[in-house]
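An overview of the molecular structure
Each chain, written out:
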Amino acid sequence: MNGGRSNAQPGVSLLETDLRSLRGQALLCVGLALLPTLLALASIWQLERETANAVRQAEASDSRLLASESLMQRLVDAETGVRGYLATHDRLFLDPYKSSVLVMPGLIEGFRVRRLHEPESVFAQSTLIADESQAQMTILGEILRTPDGRNSVAVPRALRRGKVIMDAIRRLIGPYQSRERTLIAERRAGAIADRAGLGYALAATLVLCIAASIAVVLFFAKRVVGRLATVIAKTERIAANQEVGVPLRGNDEIVAVDRAVHLMAIAIAARNADVVLSNESLNERNEELSDANKELETFSYSVSHDLRAPIRAIDGYSRRLQREYNGHLDVEGRRLLAVIQEEAGRMGELIDDLLEFSRLGRKEMKDGPVDMTVLAREVAAGEKNASGTNVSLAVGTLPHTRGDRALLRQVWQNLIANAVKYSSTQVEPVVTVSGSAEGRLSVYHVSDNGVGFDMKYAHKLFAVFQRLHSVDEFSGTGVGLAIVKRIVARHGGRAWATAEPSNGAIFSFSLPSGEPE
Amino acid sequence: MTDYEHVEVLLVEDSPHDAEMTMHALSDNKFLSKVHWVKDGVQALDFIGCVGEYAQRDPSQLPKVVLLDLKMPKVDGLDVLREIKGNERWRGIPVVIMTSSNEDRDVIESYQLGTNAYVVKPVDFLSFTEAVVRLGMFWLLVNKAP
């Protein structure tokens, strides 16, 4: 089962808002600004209520005044009606009396009800008026019920009593009415004063509201804008790779942003340190590489020097032997010497080719547009002359490329010389140079109708000193294609070959396109 | 007692066989009597400066040409070249670098130091002989020394 209530989500309840947060402070400020407004509204409401009360009381007094006037009128009507009837015995005179009888109980009852806040003395007067009025109506009723009323002695006595009561009522009702009139005037005046107070209260509320709003805005501007500027300055310092500074204190949203900025600064510093580290290791690697390169250079330098000297001696001494001791040697002796010289020569070639190959890896490369058609045609013409064969050598139009012209010349040299060499055993040797632009690459082919090779050895073709034919069949050291591969690779290209035994070979290489963009 | 006064060619070469072949090639063309062979840079400088072993030599008699190998123990060819070309009295001596190295940096540095020629020794003996003979002919017979 879930244990207890989950923690309040932020911003769900006003009561759970942290007053240290900006949100909490904003709410607090709005609350403080609203408080005087609420107070003012409450007092306005109170005033309004009092005014309404006063008006109601004034209205009540009005109706009491009206009621007293009406009571007096009805009493007079009733008495006058009875006197008229007694004088004439015409029942028409009784009509005012009859209508008074209908209305009077209600009017009298009204005077027996005590009104709110009515002083005891006033209520006593009001009750007295009701009692006297009741008594008068009873007397009038008795007079009319007396048989043969005009001649009875009882009637004048009753009329006399009624006159006394009427006088008493008149004495009571005069002050009563004037008091009500005074009350009405007082209450009207009070209501007017209350209304004026209401206007003042409204004006005061408005002023308070405006003042509180301005205070809130100023407080927030100072509290928020000032610290935001501090945080912005920090981000600018981070961008400029400077120290961030001291974290802000507190617990609101700006402090949270500030904290995030500090965390970011730490992360950036860590990453910078990583970059420095990896740069250092890169530098170390570079140094190692350049050390290795230097070692290689030293090595090839030694090879160039120390390997050549013995070969020169072998060749030189065998030649002196051949020349100076020719008479002491038979045919076999001379053949052996010739073999020594031949092999020494081959060793020299191998060393030269190896050095050439190693130099290619280290040589600075030039870069420029190269017209491969012109270059391949120059090389082809030279090779045809050098070979002294009847080879048919055709160079098509080739796409341009970029690179080191001298190195690319060597590529053509090696490939065309190879093609001429390996097709030289044919009756009609044919070598064709072609090329095409393929997307961002220029691809070139040198094909011949020579001896070809088995594709299962293709992977060995471009390795140093790898040959697919014996020296007896075709001369060479096996470095030419390795040089081609290295030059092409240094230009960002690729070299490959396809062939069939006795059916010619196609050597191809790709280079970055050099067409003007 | 060696007669140093007729020396016209100073051969500085650490390989005895290369030295022998060089002298052999020159001998065929009658330059032999005028060649003196030293095995390293120290001896070469001693010879030219007439110190140590060569103290009795006449310092005014300078060789007509120095054939100088580059790779030698102790003081190497470039050091010898630097000494010769840095010395006011010796600067005029023609120096021909004869080496197995055809490394670009050797060629460039030699010429920067003021060598008069740079020859890569051919591996093939016949070419080698031909090169040496031509050198001898040029520097001893054709060239006009100061």
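Please read these numbers as outputs of a predicted model, since none were measured by experiment.

Below, the discussion takes up the overall build of chain B. Each helix and strand counted, chain B has five helices and five strands in total. Taken from the N to the C terminus, the helices and strands of chain B come in the order β-α-β-α-β-α-β-α-β-α. Across the 146 residues that make up chain B, the buried fraction comes to 50%. Residue pairs at least 24 apart in sequence account for 65% of intrachain contacts in chain B once pairs closer than 6 positions are excluded.

A few words now on the layout of surface pockets. Residues and elements named next belong to chain A. Considering only enclosed or pocket space, the largest pocket measures out at about 740 Å³ in volume. A per-class count over the lining of the largest pocket returns 13 nonpolar, 11 polar and 10 charged. If you count residues domain by domain, the lining of the largest pocket takes at least three from each of domain 2 (252-362) and domain 3 (365-512).

Moving on, we get to the packing of helix H2 (residues 95-112) of chain A against helix H3 (residues 120-145) of chain A. Residue and element names in this part refer to chain A. One way to put it is that H2 packs onto H3 with a least axis distance of 9 Å and a crossing angle of 155°. With respect to their mutual orientation, H2 and H3 come out roughly antiparallel. With respect to the hand of their crossing, H2 and H3 are arranged in left-handed fashion. On H3, the residues that touch Tyr97, Ser100, Val101, Met104, Ile108, Phe111 and Arg112 of H2 are Phe123, Ser126, Thr127, Ile129, Ala130, Asp131, Ser133, Gln134, Met137, Leu140, Gly141 and Leu144. Of the residues belonging to the contact of H2 with H3, the class tally is 11 nonpolar, six polar and two charged.

Glancing now at a nonpolar patch on the surface. Residue and element names in this part refer to chain A. Together, Val30, Leu34, Leu35, Leu38, Leu39 and Leu41 give the surface a local cluster of nonpolar side chains, amounting to about 570 Å² of exposed area. Note on placement: Leu38 falls in helix H1 (residues 22-88). Relative accessible area serves as the criterion here: at 51%, Leu38 is assigned to the exposed category.

This part covers the confidence of the model for chain B. Residues and elements named next belong to chain B. In the predicted model, chain B carries a mean pLDDT of 85, and the fraction of residues at 70 or more is 91%. Of all secondary-structure elements in chain B, the lowest mean pLDDT belongs to helix H5 (residues 125-142), at 84, while helix H3 (residues 77-86) reaches the highest, 93. Reported confidence for the predicted complex is 0.74 by ipTM and 0.49 by pTM.

A few words on the pairing of strand E5 (residues 441-448) of chain A. Residue and element names in this part refer to chain A. Inspection of the sheet shows strand E4 (residues 430-438) paired to E5 by eight bridges, in the antiparallel sense. Looking across to E5, one finds that Thr432 is bridged to Ser447. The antiparallel hairpin formed by E4 and E5 contains two residues in its connecting segment, where Gly439 sits at a positive phi of about 65°. With eight bridges connecting them, E5 and strand E7 (residues 505-512) associate as antiparallel partners. Each residue of the ladder has a partner; that of Ser442, found in E7, is Leu511.

What counts, and where the lines are drawn
- Residues numbered from 1 in each chain as written.
- Chains lettered and ligands numbered in written order.
- Predicted model: local features only at pLDDT ≥ 70, side-chain atom pairs only at ≥ 80, totals over all residues.
- Heavy atoms only, no water.
- Helix = DSSP H or I, 4+ residues; strand = E, 2+ residues; numbered from the N terminus.
- Buried < 20%, exposed > 50% of the residue type's maximum accessible area, 1.4 Å probe, protein only.
- Contact = heavy atoms within 4.5 Å.
- 1 Å grid on protein atoms, 1.4 Å probe; cavity = no way out; pocket = protein on both sides within 12 Å on 5 of 7 lines; lining within 4 Å.
- Points joined across faces, edges and corners; volume = space filled by probe spheres on them.
- Nonpolar A, V, L, I, M, F, W, Y, C, P; charged D, E, K, R; others polar.
- Domains from an automatic or database assignment.
- Axes fitted to C-alpha atoms, helices over the stretch in contact; angles between N-to-C directions.
- Parallel < 35°, antiparallel > 145°, perpendicular 65-115°, else oblique.
- Left-handed = near helix turned anticlockwise from the far one by under 90°.
- Patch = residues over 30% accessible without salt bridge, like charges linked within 9 Å, V, L, I, M, F, W, Y side chains within 5 Å.
- Areas by Shrake-Rupley, 256 points an atom, 1.4 Å probe, with all protein chains shown as cover.
- Salt bridge = Lys/Arg side-chain N within 4 Å of Asp/Glu carboxyl O.
- pLDDT = per-residue confidence, 0-100.
- Pairing = 2+ DSSP bridges.

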